[in-house]
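What the coordinates show
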Amino acid sequence: MNILANEKSAYLKHAADQKINWLPWSDEAFKKAADEDKPVFLSSGAVWCHWCHVMAKESFYDADIAGLLNSGYVCIKLDRDERPAIDRRYQMAVSAMGSGGGWPLTVFLTPDKKPFYGGTYFPPEDRLGRPGLKKVLQTVGSYYKTNRDEINEYSGKVINAIKSEVLNSGDISEVQVNDAVDRILSESDREQGGFGSAPKFPMPGAIDFLLNRYSISRIDTIGQCVESTLISMADGGMYDHLGDGFHRYSTDDYWIIPHFEKMAEDNAWLMRNYLNAYSIFGNDRYRKVVEGIIRFTMDVLTDNKGGFYSSQDADITPDDEGGYFTWTEEDFRKSLNTDEYKLISSHFINEKGAMHHDGSKKVLFIARDINDIAREYELDSTDVAATIQAGKAKLLNERRKRECPYIDRAMYTSINGMYITSFLMAYNVLADNDARDFALKSLNIILAESIILGQLYHTEGVKAMLEDYIYLIEALLAAYEATGESYYMDSADAFMKECINKLWDPEEGGFTDSEDNDLGVKVKGIQDIPHPAANSLAIIILFKLSALTENRDYFELAEKALKVFSPIVKDMGVQAGFYYSALDAYFNGVKLELHSGHDSNMSHTARSIFVPYKNILYGEDKGNAVVCFREACHEPINNSEELHQFLLTKKYLENT
């Protein structure tokens, strides 16, 4: 056992039995490297990461590699979920070296933390054009001893390359919103849904932006793009058709073969996309997806006392990728009766779902529609659906007998904020009281456990970063909207002031991701990678808080941030999707003053109707509501039916 056995991170604990003298990220580790005049071998990954497990099995349990690491290096293991700001900087560094990015991340550092060589996955021996780790360790170790000046010079250049350029403010206009729609649509896959080609990530920020624009404009091409994407993802193997919830991304263009890890952040955001789509299009399929995500989350990613876990691993072993989630024909025959086997095989099994390492194992996806199957077998479609549902229950029961992939029970502030907001949205749209109650219970737990001596933390021992502040503030505002309790809004206001004090860049504008600014590198990201950028959400929240508190300073900071990032998003397209939601909110924010109790019909109507960039403020109970758009407030609306129609038809847009 090495000292990682004492760490809280599940990923670090998984390396505790390796015969490598791993250390966690710490000043002591770098002091040791300086004292022993050794380079640092940094390995960053996550417990859900398939290739991290592969590299661990192949290399970190290998006696020769362990010997090379222990004799020539100070070895640091980093959990990218626990310390995302550090991982982000070294991802940028390795990319600057021309080696791409991803996990596992493998970086060689000087004792003053500067990167001089790196990559991602290294096999133990040379293979498929990749250098073997043994050779790399020997070569880098030798080079470090004899070429120190070159290493120091090169690492300095890498650091300079990843430092943010000075940002100069640009103009913002509503024309840019429309241009962004065209640019994102041009990147869409019109046949299979989504954006670009494999590997395909959901890009929920771009989906959110397009949903908002469709709701306002009703332009058919926008709606078609969004619906094609949402249906394709829900039909494909990206969605777990037995246990619900989404896997992380698709390895193919068709959303069929996923990377099997299930991430809390992905499911929390996709839940919002499908909730908003259900509100806009009324397609019951979207509601069922949301309910499925909630089921999966409550079954797998929640603590009974409250709070949301961070992920479920992709695999049981690195040798059988996706083994827990895939099925053979024999598995089906053993688990189902004749009718169930016939119909479910037709519905879910197709050679396109065959796994690359074992073609007998299939990913389940909707290969044929229930109505087509009913016509082929001359059956009633309702009966076919019932048989398939019964068979799915049997398959799920059989799957639960398998060893379950590891669940990382770390409860990060940022992820809890994401999920709390999504659950409260489910309460607003679906009247799901259980979702509301669990969200509020979870919020209270996070507030109690993540604040230590007045300091907000990401997790124990790691100070809060921008995502922690912003997602917690968003959750507090969602709780205010759901309950009408001013405590939540006051807390959101206080946390935003603290966030501005610690993370706002007073010179250029925009928020840095972390107080620490490791390597002397400030990161002010605006790219959705792939979940929406925290800076974009921060802008939206600043606008919301300005509307609710009438604090003009918030509005001015948000406006400044929009202008600061405007020049650098011009060529980003889909990866700037959520920035364009923030820009859209600048022009199209709606303030809804509810002079009615939070549990009244008026308030339920206000919360349930989808209105892009809606800001709800509770006031004295007069039994009415006032809708304000841009600089104009409409006449008070005195009953919920009238309010429903007013919001549904977006009458507030008239004469603007």
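Heads up: the structure comes first, above all this text.
In this report, we go over the structure that sits alongside the text. Throughout this document, residue positions are counted from 1 along each chain, in the order its sequence is written. Whole-chain, interface and lining totals are the exception, using all residues; otherwise, since this is a predicted model, local features are given only for residues with pLDDT of at least 70 and side-chain atom pairs are given and counted only at 80 or more. Think of the side-chain values as coming from all heavy atoms in the structure, minus any hydrogens and water.

**Brief notes about the overall build of the protein chain**
In DSSP terms, a helix is any run of H or I states spanning at least four residues, a strand is any run of E spanning at least two, and both are numbered starting from the N terminus. A count of helices and strands for the protein chain gives 25 helices and 17 strands. Taken over C-alpha atoms, the radius of gyration comes to 26 Å for the protein chain, in line with the 26 Å a tight globule of 656 residues would show. Counting only C-alpha atoms, the protein chain reaches 80 × 70 × 45 Å along its principal axes. Per-residue accessibility, obtained with a 1.4 Å probe over protein chains only, is compared with the maximum for each type, and a residue is labelled buried under 20%, exposed over 50%, and partly exposed between these values. When the 656 residues of the protein chain are sorted by exposure, 60% land in the buried category. Two residues form a contact once any of their heavy atoms are found within 4.5 Å. Sequence-distant contacts in the protein chain: of pairs separated by 6 or more residues, those separated by 24 or more amount to 69%. Charged residues are defined narrowly, with Lys and Arg counted positive, Asp and Glu counted negative, and His plus the chain ends left uncounted. In this description, the location of a charge corresponds to atom NZ of lysine, CZ of arginine, CG of aspartate or CD of glutamate. Positive and negative side-chain charges of the protein chain, numbering 69 and 100 respectively, have mean locations separated by a distance of 2 Å. Only the C-alpha atoms count toward the radius of gyration. The rule for a globule is 2.2 Å times the residue count to the power 0.38.

**A closer look at the state of the cysteines**
In this description, a disulfide is simply a cysteine sulfur pair whose atoms lie within 2.5 Å. The tally for this structure, following the rule as stated, stands at two disulfides. One disulfide bridge connects Cys 628 with Cys 633, the sulfur atoms lying 2.0 Å from each other. One disulfide, between Cys 628 and Cys 633, carries an S-S torsion of 105° and so falls in the right-handed class. Along the protein chain, the cysteines engaged in disulfide bonds are linked according to the scheme 1-2, 3-4 when indexed in sequence order. Residue Cys 75 stays outside any disulfide, its sulfur separated by 16 Å from that of Cys 52, the closest cysteine.

**Some thoughts on the side chain of Lys 392**
Counting through the fold element by element, Lys 392 comes out in helix H16 (residues 381–399). The salt bridge definition used is simple: a Lys or Arg side-chain nitrogen within 4 Å of an Asp or Glu carboxyl oxygen. Of the side chains bearing the opposite charge, Asp 244 lies closest to the buried Lys 392, which forms no salt bridge; the N-O distance is 6.1 Å. Setting aside its immediate chain neighbours within four residues, Lys 392 contacts His 241, Leu 242, Ile 344 and Phe 348.

**Here's the deal with the nonpolar core**
Counting 138 residues, the largest nonpolar core has Leu 210, Tyr 274, Tyr 419, Met 496, Phe 511 and Tyr 579 as the members making the most contacts within it. In terms of residues, this core owes the most to one element, helix H19 (residues 466–483), which gives 13 residues. If we skip the residues at most four places from it in the chain, Met 496 touches Ile 470, Ile 473, Phe 511, Ala 538, Ile 541, Leu 542, Leu 545 and Tyr 554. Throughout, nonpolar core names a set of buried Ala, Val, Leu, Ile, Met, Phe, Trp, Tyr and Cys residues whose side chains join them through atoms within 4.5 Å.

**Digging into the packing of helix H15 (residues 370–377) against H16**
Axis angles are defined between N-to-C directions and span 0 to 180 degrees, where every axis is a line fitted to C-alpha atoms and, for a helix, only to the segment in contact. Between H15 and H16, the shortest axis-to-axis distance is 9 Å and the interhelical angle comes to 110°. Our classification of the angle between H15 and H16 gives roughly perpendicular. Considering only the axes of H15 and H16, their crossing is right-handed. The segment H15 lies against H16, with Ile 370, Asn 371, Ile 373 and Ala 374 engaging Ser 381, Val 384, Ala 385 and Ile 388. Tallied by class, residues from the contact of H15 with H16 come to six nonpolar, two polar and no charged. Any angle that is under 35 degrees is reported as roughly parallel, and any over 145 degrees as roughly antiparallel; angles of 65 to 115 degrees are reported as roughly perpendicular and all others as oblique. Handedness of each helix crossing follows the sense of rotation of the near helix against the far helix: counterclockwise by less than a right angle gives left-handed, clockwise gives right-handed. Classification used: nonpolar for Ala, Val, Leu, Ile, Met, Phe, Trp, Tyr, Cys and Pro, charged for Asp, Glu, Lys and Arg, polar for all others including Gly.

**Observations regarding empty space enclosed by the protein**
Two kinds of site are reported from a 1 Å grid over the protein atoms alone, namely cavities, where a 1.4 Å probe fits but cannot get out, and pockets, open sets with protein on both sides within 12 Å along at least five of seven lines, and residues are called lining when an atom falls within 4 Å of a point. Grid points are joined across faces, edges and corners, and a volume is the space filled by probe spheres set on the points. Inspection of every chain in the model, using the stated rule, returns two cavities of 30 Å³ or more. Counted as a void, the largest cavity has a volume near 90 Å³. Around the largest cavity sit 13 residues that line it, and Asp 240, His 241, His 247, Phe 325 and Leu 364 are the ones nearest its centre. Taken together, the residues that form the lining of the largest cavity break down as seven nonpolar, four polar and two charged. Ranked by residue count, the leading element in the lining of the second largest cavity is helix H11 (residues 264–281), at four residues. Here the residues of the lining of the second largest cavity sort into six nonpolar, one polar and two charged.

**Re the sheet that holds strand E5 (residues 115–119)**
Taken in spatial order, the five strands line up as E1-E3-E2-E4-E5 in an open sheet, and their pairing is mixed. What marks the edges here is a single partner per strand, and that holds for strand E1 (22–24) and E5. For this sheet, the mean angle separating the axes of adjacent strands, direction not counted, is 30°. If DSSP finds at least two bridges between two strands, the strands pair. Note that E1 and strand E3 (residues 74–79) share three bridges and pair parallel. Across the sheet, the residue bridging to Pro 24 is Lys 77, located in E3. Along the sheet face, helix H2 (residues 27–36) touches E1, strand E2 (40–45), E3 and strand E4 (105–109) and points at about 160° away from the line of E3.

**Here's the deal with the packing of aromatic side chains**
Two rings from Phe, Tyr or Trp (for Trp, the six-membered ring) form a pair when their centres sit within 6.5 Å of each other. Planes less than 30 degrees apart are called stacked, planes more than 60 degrees apart edge-to-face, and all others tilted. Using the criterion set out here, one finds 38 aromatic pairs in the structure. An angle of 55° between the planes, with centres 5.0 Å apart, marks the rings of Trp 51 and Tyr 121 as tilted. Linking Trp 51 in helix H3 (residues 50–60) with Tyr 121 in the loop between E5 and helix H6 (133–146), this pair joins segments that are 70 residues apart in sequence. You can call Trp 51 partly exposed: its relative accessible area is 36%. Overall, the relative accessible area of 9% leaves Tyr 121 in the buried class. Note on Phe 108 and Tyr 117: the rings are 5.8 Å apart at their centroids and 35° apart in plane angle, and the pair reads as tilted. Phe 108 gets classed as buried once you look at its relative accessible area, which sits at 0%. One aromatic cluster in this structure is built from Trp 22, Phe 41, Phe 60, Tyr 73, Phe 108, Phe 116, Tyr 117 and Tyr 144. Sitting above the plane of the Trp 103 ring, Arg 80 keeps its charged end 4.3 Å from the centroid. We call a charge positioned over a ring when the NZ of a Lys or the CZ of an Arg lies within 6 Å of the ring centre and within 35 degrees of the ring normal. In this structure, Arg 402 is placed above the aromatic ring of Trp 327, and the distance from its NZ or CZ to the ring centre is 4.1 Å.

**A closer look at helix H20 (residues 486–503)**
Compared with an ideal rise of 1.5 Å per residue, which puts 18 residues at 26 Å, H20 spans 25 Å between its outermost C-alpha atoms and is within 8% of the ideal. Taken together, the buried positions of H20 are Tyr 488, Met 489, Ser 491, Ala 492, Asp 493, Phe 495, Met 496, Cys 499, Ile 500 and Leu 503. Helix span is expected to be 1.5 Å times the residue number reduced by one.

**Notes on the packing of helix H24 (residues 601–608) against helix H25 (residues 640–648)**
In contact at an axis separation of 9 Å, H24 and H25 are set at 15° when each is read in the N-to-C sense. When the axis of H24 is compared with that of H25, the two are roughly parallel. Seen from above, H24 lies across H25 with right-handed handedness. Here Asn 601, Met 602, Thr 605 and Ala 606 of H24 come into contact with H25, specifically with Ser 640, Leu 643, His 644 and Leu 647. Across the contact of H24 with H25, the residue classes tally to four nonpolar, four polar and no charged.

**A look at unusual backbone geometry**
Residue Trp 103 is joined to Pro 104 through a cis peptide bond whose omega torsion reads 5°. As for its placement among the helices and strands, Pro 104 is situated in the loop between helix H5 (84–96) and E4. A cis amide bond links Ile 529 to the next residue, Pro 530, at an omega of -10°. Mapped onto the secondary structure, Pro 530 falls in the loop between H20 and helix H21 (534–549). Of note in the backbone geometry, Trp 255 takes a positive phi value of approximately 65° without being a glycine. Take Trp 255: it is sitting in the loop between strand E6 (249–250) and strand E7 (258–259). Judged by relative accessible area, Trp 255 falls into the buried class, the value being 0%. Unlike most non-glycine residues, Lys 650 shows phi in positive territory, near 55°. Locating Lys 650 in the fold gives a position in the segment after H25. You can call Lys 650 buried: its relative accessible area is 8%.

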